[in-house]
Amino acid sequence: MSGQWLAKQTSGNEVHVLPLGDLIRHDHTDLCPCGPTPSPTPMADGSDGWIYTHHSLDGREADE
Ligand SMILES: [Zn+2]
């Protein structure tokens, strides 16, 4: 069973995808201790944006 994920826009061009109910508390920044992986993505206004995918410490990615 996969856990739930939350997508949260934190600034004009950053979106953070966070695992809900993880073992640690995630910062909504690229300095989060889990070491989020940035992926470039075009924003709705045509500018460059980033999606930061955070890593759950309970290993839920293995289910996907
Ligand atoms: Zn994180």
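Our structure's up above, just so we're on the same page.
Residues numbered from 1 in each chain as written. Predicted model: local features only at pLDDT ≥ 70, side-chain atom pairs only at ≥ 80, totals over all residues.

Enquirer: I'd love a proper account of the sheet that holds strand 4 (residues 48–53), names of residues and values included.
Expert: Spatial ordering of the open sheet is given by 1-2-4-3, a layout of 4 strands whose pairing is mixed. Either end of the sheet is taken by a strand with one partner, and the two such strands are strand 1 (5–11) and strand 3 (37–42). In this sheet, adjacent strand axes meet at a mean angle of 25° when their direction is disregarded. The pairing of strand 2 (residues 14–19) with strand 4 spans 4 bridges and is parallel. Considered in strand 4, the bridge of H16 is made with Y52. (Pairing = 2+ DSSP bridges. Helix = DSSP H or I, 4+ residues; strand = E, 2+ residues; numbered from the N terminus. Axes fitted to C-alpha atoms, helices over the stretch in contact; angles between N-to-C directions.)

Enquirer: Before we move on, can you summarise the environment of T53 with the specific residues and values?
Expert: Tracing the backbone shows T53 in strand 4. Distance from T53 to V15, taken between C-alpha atoms, is 8.5 Å for residues 38 residues apart in sequence. Setting aside residues up to four positions removed in sequence, T53 forms contacts with V17, P36, T37 and S39. (Contact = placed C-beta atoms within 7 Å.)

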